[in-house]
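Inside the fold
In case you want the letters, here they are:
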Amino acid sequence: LYRPNSGRSAQEGVALMAGRHMPRWAALWSLVAAVGCGGAASFCYNAPDPVPPELAKALTLDAASRKSVEQHCLSSQQWEALEAMARLHASWNERINVVSRKDIVNLVSRHYMPSLALLNVFQHSAGMATLSGAKVMDVGTGGGFPGLPLAVACPETSFRLVDSRGKKLKVVRAIVEDLGLSNVEVVHSRIEDVPTEPADFVLGRAVTALPTFVGWVDRFLPQESTSPWGIDRGLLYVKSGDISNDLVELGIPELDTTVLSISGLLGTEEEPLGSELGYSSVLHIPVSALQRQTRTGKQKV
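Attention here is on the structure that accompanies the text. Predicted model only: the values in this text are computed from it and were never measured.

Overview of the pairing of strand β3 (residues 184–188)
- With five bridges joining them, strand β2 (residues 158–163) and β3 adopt parallel strand pairing. Each residue of the ladder has a partner; that of Arg160, found in β3, is Glu185.
- Assessed by its sense of winding, the connection that carries the chain from β2 through helix α8 (residues 166–179) to β3 is right-handed.

Take a look at the structure:
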(Lines give C-alpha, C1' and ligand atoms only; values in the text may rest on other atoms or scores of the structure.)
Protein backbone atom coordinates (compact mmCIF):
# COMPACT_ATOMS: atom_id res chain seq x y z
CA LEU A 1 0.00 0.00 0.00
CA TYR A 2 0.97 3.63 -0.38
CA ARG A 3 2.30 5.09 2.83
CA PRO A 4 3.95 8.51 3.10
CA ASN A 5 7.62 8.25 4.04
CA SER A 6 7.65 4.57 3.08
CA GLY A 7 9.95 5.08 0.11
CA ARG A 8 7.12 3.94 -2.19
CA SER A 9 5.29 6.32 -4.50
CA ALA A 10 1.52 6.37 -4.78
CA GLN A 11 1.78 5.02 -8.33
CA GLU A 12 4.05 2.18 -7.16
CA GLY A 13 1.57 1.44 -4.39
CA VAL A 14 -1.25 1.16 -6.91
CA ALA A 15 0.78 -1.21 -9.07
CA LEU A 16 1.67 -3.35 -6.06
CA MET A 17 -1.92 -3.56 -4.85
CA ALA A 18 -3.23 -4.41 -8.28
CA GLY A 19 -0.69 -7.19 -8.64
CA ARG A 20 -1.05 -8.62 -5.16
CA HIS A 21 -4.50 -8.64 -3.58
CA MET A 22 -6.41 -5.59 -4.72
CA PRO A 23 -8.66 -5.09 -7.76
CA ARG A 24 -7.48 -2.36 -10.13
CA TRP A 25 -10.53 -0.17 -9.45
CA ALA A 26 -9.93 -0.38 -5.70
CA ALA A 27 -6.26 0.44 -6.17
CA LEU A 28 -7.20 3.56 -8.11
CA TRP A 29 -9.69 4.44 -5.38
CA SER A 30 -6.82 4.18 -2.90
CA LEU A 31 -4.70 6.53 -5.02
CA VAL A 32 -7.51 9.10 -5.03
CA ALA A 33 -7.72 8.79 -1.24
CA ALA A 34 -3.96 9.22 -0.92
CA VAL A 35 -4.01 12.32 -3.09
CA GLY A 36 -6.93 13.59 -1.02
CA CYS A 37 -4.73 13.27 2.07
CA GLY A 38 -2.23 15.55 0.41
CA GLY A 39 0.34 12.80 -0.06
CA ALA A 40 2.29 14.07 2.92
CA ALA A 41 0.10 13.21 5.88
CA SER A 42 1.69 11.10 8.60
CA PHE A 43 -0.93 8.34 8.27
CA CYS A 44 -3.20 7.64 5.28
CA TYR A 45 -4.32 4.01 5.23
CA ASN A 46 -6.72 2.08 3.04
CA ALA A 47 -7.78 -1.55 3.29
CA PRO A 48 -7.06 -3.88 0.31
CA ASP A 49 -10.76 -3.60 -0.59
CA PRO A 50 -12.89 -0.80 0.86
CA VAL A 51 -15.19 -2.22 3.51
CA PRO A 52 -18.92 -1.37 3.32
CA PRO A 53 -19.81 1.88 5.11
CA GLU A 54 -21.91 0.17 7.78
CA LEU A 55 -19.01 -2.18 8.60
CA ALA A 56 -16.48 0.66 8.54
CA LYS A 57 -18.55 2.42 11.19
CA ALA A 58 -18.53 -0.71 13.37
CA LEU A 59 -14.73 -0.86 13.09
CA THR A 60 -14.28 2.60 14.61
CA LEU A 61 -12.56 2.89 17.98
CA ASP A 62 -14.90 5.40 19.59
CA ALA A 63 -14.32 7.87 22.42
CA ALA A 64 -15.29 5.33 25.08
CA SER A 65 -12.80 2.82 23.70
CA ARG A 66 -10.05 5.42 23.68
CA LYS A 67 -10.85 6.59 27.19
CA SER A 68 -10.41 3.06 28.58
CA VAL A 69 -6.66 3.18 27.85
CA GLU A 70 -6.16 6.95 27.96
CA GLN A 71 -3.39 6.76 30.57
CA HIS A 72 -1.14 5.23 27.91
CA CYS A 73 -1.31 8.42 25.84
CA LEU A 74 -1.83 6.90 22.39
CA SER A 75 -1.53 9.54 19.68
CA SER A 76 -4.16 10.27 17.06
CA GLN A 77 -1.85 8.59 14.54
CA GLN A 78 -1.81 5.42 16.61
CA TRP A 79 -5.61 5.37 16.80
CA GLU A 80 -5.76 5.90 13.03
CA ALA A 81 -3.36 2.99 12.58
CA LEU A 82 -5.50 0.74 14.80
CA GLU A 83 -8.63 1.58 12.80
CA ALA A 84 -6.72 0.97 9.57
CA MET A 85 -5.64 -2.39 10.96
CA ALA A 86 -9.25 -3.26 11.77
CA ARG A 87 -10.27 -2.46 8.19
CA LEU A 88 -7.42 -4.64 6.89
CA HIS A 89 -8.52 -7.50 9.14
CA ALA A 90 -12.12 -7.14 7.92
CA SER A 91 -11.08 -7.03 4.29
CA TRP A 92 -8.78 -10.05 4.56
CA ASN A 93 -11.49 -11.90 6.45
CA GLU A 94 -13.47 -12.12 3.21
CA ARG A 95 -10.72 -14.40 1.86
CA ILE A 96 -9.21 -16.03 4.95
CA ASN A 97 -11.19 -16.64 8.13
CA VAL A 98 -9.32 -14.69 10.78
CA VAL A 99 -12.48 -14.49 12.89
CA SER A 100 -15.96 -15.81 12.26
CA ARG A 101 -17.47 -13.94 9.31
CA LYS A 102 -20.73 -13.63 11.23
CA ASP A 103 -18.78 -11.97 14.02
CA ILE A 104 -16.82 -9.45 11.96
CA VAL A 105 -19.00 -6.53 13.10
CA ASN A 106 -17.81 -7.27 16.64
CA LEU A 107 -14.13 -7.25 15.67
CA VAL A 108 -13.34 -4.19 17.80
CA SER A 109 -15.29 -5.14 20.94
CA ARG A 110 -14.34 -8.83 20.99
CA HIS A 111 -10.79 -8.76 19.66
CA TYR A 112 -9.24 -5.29 19.60
CA MET A 113 -10.41 -3.99 22.98
CA PRO A 114 -9.59 -7.22 24.89
CA SER A 115 -6.13 -7.00 23.31
CA LEU A 116 -5.69 -3.35 24.25
CA ALA A 117 -6.95 -4.12 27.77
CA LEU A 118 -3.57 -5.71 28.43
CA LEU A 119 -2.05 -2.22 28.31
CA ASN A 120 -3.68 -1.53 31.66
CA VAL A 121 -1.76 -4.39 33.25
CA PHE A 122 1.41 -2.33 32.85
CA GLN A 123 2.55 0.93 34.38
CA HIS A 124 2.87 3.90 32.05
CA SER A 125 5.80 6.24 32.66
CA ALA A 126 5.51 9.88 31.61
CA GLY A 127 7.48 10.70 28.50
CA MET A 128 7.87 7.04 27.48
CA ALA A 129 5.77 4.61 25.48
CA THR A 130 4.20 1.81 27.54
CA LEU A 131 6.49 -1.23 27.78
CA SER A 132 9.38 0.74 26.27
CA GLY A 133 12.34 -1.58 25.72
CA ALA A 134 10.46 -4.80 26.51
CA LYS A 135 10.47 -7.99 24.46
CA VAL A 136 7.06 -9.67 24.11
CA MET A 137 6.23 -13.04 22.57
CA ASP A 138 2.67 -13.83 21.44
CA VAL A 139 2.31 -17.61 21.12
CA GLY A 140 -0.62 -18.94 19.10
CA THR A 141 -1.30 -15.46 17.77
CA GLY A 142 -3.77 -16.63 15.11
CA GLY A 143 -4.87 -13.50 13.27
CA GLY A 144 -2.57 -11.35 15.39
CA PHE A 145 -4.35 -11.11 18.74
CA PRO A 146 -3.35 -9.73 21.12
CA GLY A 147 0.04 -8.94 19.57
CA LEU A 148 -0.84 -6.74 16.58
CA PRO A 149 -2.97 -4.11 18.38
CA LEU A 150 -0.40 -4.01 21.19
CA ALA A 151 2.41 -3.49 18.67
CA VAL A 152 0.73 -0.30 17.44
CA ALA A 153 0.12 0.89 21.01
CA CYS A 154 3.69 0.06 22.12
CA PRO A 155 6.01 1.18 19.30
CA GLU A 156 9.14 0.91 21.47
CA THR A 157 8.46 -2.76 22.30
CA SER A 158 9.67 -5.74 20.25
CA PHE A 159 6.92 -8.26 19.44
CA ARG A 160 7.44 -11.83 18.23
CA LEU A 161 4.19 -13.36 16.91
CA VAL A 162 4.28 -17.15 16.59
CA ASP A 163 1.78 -19.57 15.08
CA SER A 164 1.85 -22.80 13.09
CA ARG A 165 -1.18 -21.90 10.94
CA GLY A 166 0.16 -20.45 7.72
CA LYS A 167 -3.11 -19.05 6.36
CA LYS A 168 -3.74 -16.77 9.31
CA LEU A 169 -0.10 -15.72 9.42
CA LYS A 170 -0.40 -14.66 5.78
CA VAL A 171 -2.89 -12.06 6.97
CA VAL A 172 -0.67 -11.05 9.88
CA ARG A 173 2.36 -10.61 7.61
CA ALA A 174 0.36 -8.52 5.13
CA ILE A 175 -0.92 -6.23 7.88
CA VAL A 176 2.57 -5.84 9.36
CA GLU A 177 3.90 -4.89 5.94
CA ASP A 178 1.02 -2.61 5.00
CA LEU A 179 1.20 -0.67 8.26
CA GLY A 180 4.99 -0.65 8.38
CA LEU A 181 5.21 -2.26 11.84
CA SER A 182 8.97 -2.53 12.17
CA ASN A 183 8.69 -3.72 15.79
CA VAL A 184 6.96 -6.99 14.83
CA GLU A 185 8.56 -10.30 13.84
CA VAL A 186 6.20 -12.98 12.47
CA VAL A 187 7.28 -16.60 12.98
CA HIS A 188 5.55 -19.47 11.17
CA SER A 189 6.43 -22.51 13.25
CA ARG A 190 5.31 -24.96 15.88
CA ILE A 191 6.33 -23.50 19.23
CA GLU A 192 8.44 -26.58 19.99
CA ASP A 193 10.64 -25.73 16.98
CA VAL A 194 11.13 -22.02 17.70
CA PRO A 195 14.69 -21.13 18.77
CA THR A 196 14.94 -20.00 22.38
CA GLU A 197 15.22 -16.22 22.66
CA PRO A 198 14.28 -14.75 26.03
CA ALA A 199 11.16 -12.57 26.23
CA ASP A 200 10.15 -10.36 29.13
CA PHE A 201 6.52 -11.40 28.72
CA VAL A 202 4.90 -14.35 26.93
CA LEU A 203 1.27 -13.84 25.88
CA GLY A 204 -1.34 -16.39 24.92
CA ARG A 205 -5.08 -16.18 24.29
CA ALA A 206 -7.03 -19.38 24.98
CA VAL A 207 -4.48 -21.38 22.98
CA THR A 208 -4.64 -24.67 24.90
CA ALA A 209 -4.85 -25.99 28.46
CA LEU A 210 -2.77 -23.78 30.75
CA PRO A 211 -0.37 -26.53 31.95
CA THR A 212 0.35 -27.45 28.34
CA PHE A 213 0.97 -23.81 27.43
CA VAL A 214 3.35 -23.31 30.35
CA GLY A 215 5.27 -26.41 29.28
CA TRP A 216 5.65 -24.93 25.81
CA VAL A 217 6.79 -21.45 26.74
CA ASP A 218 8.63 -21.41 30.06
CA ARG A 219 12.00 -21.77 28.29
CA PHE A 220 11.46 -18.35 26.68
CA LEU A 221 11.15 -16.52 30.00
CA PRO A 222 14.18 -14.85 31.61
CA GLN A 223 15.73 -15.65 34.98
CA GLU A 224 15.08 -12.16 36.38
CA SER A 225 11.50 -11.65 37.57
CA THR A 226 11.43 -7.96 38.58
CA SER A 227 10.82 -5.43 35.81
CA PRO A 228 10.48 -1.66 35.29
CA TRP A 229 7.01 -2.02 33.75
CA GLY A 230 4.83 -2.26 36.86
CA ILE A 231 4.50 -6.06 37.05
CA ASP A 232 7.03 -8.88 37.19
CA ARG A 233 8.20 -10.51 34.01
CA GLY A 234 6.32 -13.67 33.21
CA LEU A 235 3.30 -15.20 31.53
CA LEU A 236 0.07 -13.35 30.65
CA TYR A 237 -2.62 -15.81 29.63
CA VAL A 238 -6.08 -14.71 28.48
CA LYS A 239 -8.81 -17.25 29.22
CA SER A 240 -12.09 -17.90 31.01
CA GLY A 241 -13.23 -20.25 33.69
CA ASP A 242 -11.75 -21.51 36.94
CA ILE A 243 -7.97 -21.90 36.94
CA SER A 244 -7.64 -23.63 40.32
CA ASN A 245 -7.16 -27.13 38.93
CA ASP A 246 -4.66 -25.89 36.35
CA LEU A 247 -2.57 -24.23 39.04
CA VAL A 248 -2.72 -27.33 41.24
CA GLU A 249 -1.46 -29.40 38.30
CA LEU A 250 1.35 -26.90 37.79
CA GLY A 251 2.17 -26.78 41.49
CA ILE A 252 1.73 -22.97 41.61
CA PRO A 253 -0.17 -21.46 44.58
CA GLU A 254 -3.00 -19.14 43.58
CA LEU A 255 -1.51 -16.49 45.86
CA ASP A 256 1.53 -16.34 43.57
CA THR A 257 -0.66 -15.35 40.60
CA THR A 258 -2.96 -12.48 39.68
CA VAL A 259 -6.26 -12.73 37.78
CA LEU A 260 -7.77 -9.57 36.28
CA SER A 261 -11.04 -9.34 34.35
CA ILE A 262 -10.86 -7.79 30.90
CA SER A 263 -13.95 -5.72 31.63
CA GLY A 264 -12.35 -4.48 34.84
CA LEU A 265 -9.18 -3.51 32.99
CA LEU A 266 -11.29 -1.50 30.54
CA GLY A 267 -13.44 0.04 33.29
CA THR A 268 -16.76 -1.29 32.02
CA GLU A 269 -19.67 -2.80 33.95
CA GLU A 270 -20.84 -4.84 30.97
CA GLU A 271 -20.67 -8.62 30.59
CA PRO A 272 -17.01 -9.65 30.43
CA LEU A 273 -15.71 -8.83 26.95
CA GLY A 274 -14.70 -11.95 25.05
CA SER A 275 -16.50 -14.34 27.41
CA GLU A 276 -18.57 -15.77 24.57
CA LEU A 277 -15.33 -16.58 22.75
CA GLY A 278 -13.74 -18.49 25.62
CA TYR A 279 -11.84 -15.74 27.43
CA SER A 280 -12.77 -12.99 29.84
CA SER A 281 -9.82 -12.64 32.20
CA VAL A 282 -6.05 -12.28 32.21
CA LEU A 283 -3.88 -14.53 34.36
CA HIS A 284 -0.41 -13.29 35.31
CA ILE A 285 2.14 -15.86 36.48
CA PRO A 286 5.44 -14.18 37.36
CA VAL A 287 8.79 -15.76 36.55
CA SER A 288 9.47 -16.19 40.26
CA ALA A 289 6.40 -18.45 40.66
CA LEU A 290 7.44 -20.57 37.69
CA GLN A 291 10.95 -20.89 39.13
CA ARG A 292 9.58 -22.07 42.48
CA GLN A 293 7.40 -24.54 40.65
CA THR A 294 10.49 -25.90 38.89
CA ARG A 295 12.38 -26.27 42.17
CA THR A 296 9.56 -28.29 43.72
CA GLY A 297 10.03 -30.83 40.94
CA LYS A 298 6.40 -30.65 39.78
CA GLN A 299 6.18 -32.47 36.48
CA LYS A 300 5.52 -30.28 33.45
CA VAL A 301 3.52 -31.25 30.41
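Some points on the layout of surface pockets
- What the largest pocket holds in volume is close to 460 Å³.
- In terms of lining residues, the largest pocket is bounded by 26 residues, among which Gly140, Gly142, Arg165, Lys168 and Arg205 are the most central.
- Split into classes, the residues belonging to the lining of the largest pocket amount to eleven nonpolar, eight polar and seven charged.

Structural notes on the pairing of strand β5 (residues 234–239)
- Counting buried positions along β5 yields six of six residues, so the element is predominantly enclosed.
- In this fold, the crossover linking strand β4 (residues 201–205) to β5 by way of helix α9 (residues 210–217) has right-handed handedness.
- The sheet contact formed by β5 and strand β7 (residues 281–286) spans six bridges and is antiparallel. Looking at the pairing, Lys239 lines up with Ser281 of β7.

Some thoughts on the packing of helix α5 (residues 76–92) against helix α6 (residues 107–116)
- Between α5 and α6, the least distance of the axes is 12 Å, while the angle of their chain directions is 135°. Regarding the angle of α5 to α6, the classification is oblique. For the element pair α5 and α6, the recorded crossing hand is right-handed. For the pair formed by α5 and α6, the contact residues are Trp79, Leu82, Met85, Ala86, His89 and Ala90 on the first element and Leu107, Tyr112 and Leu116 on the second.
- Split by residue class, the contact of α5 with α6 holds eight nonpolar, one polar and no charged.

Calculation criteria
- Residues numbered from 1 in each chain as written.
- Predicted model: local features only at pLDDT ≥ 70, side-chain atom pairs only at ≥ 80, totals over all residues.
- Heavy atoms only, no water.
- Pairing = 2+ DSSP bridges.
- Helix = DSSP H or I, 4+ residues; strand = E, 2+ residues; numbered from the N terminus.
- Right-handed = clockwise from strand over helix to strand, strands pointing away.
- 1 Å grid on protein atoms, 1.4 Å probe; cavity = no way out; pocket = protein on both sides within 12 Å on 5 of 7 lines; lining within 4 Å.
- Points joined across faces, edges and corners; volume = space filled by probe spheres on them.
- Nonpolar A, V, L, I, M, F, W, Y, C, P; charged D, E, K, R; others polar.
- Buried < 20%, exposed > 50% of the residue type's maximum accessible area, 1.4 Å probe, protein only.
- Axes fitted to C-alpha atoms, helices over the stretch in contact; angles between N-to-C directions.
- Parallel < 35°, antiparallel > 145°, perpendicular 65-115°, else oblique.
- Left-handed = near helix turned anticlockwise from the far one by under 90°.
- Contact = heavy atoms within 4.5 Å.

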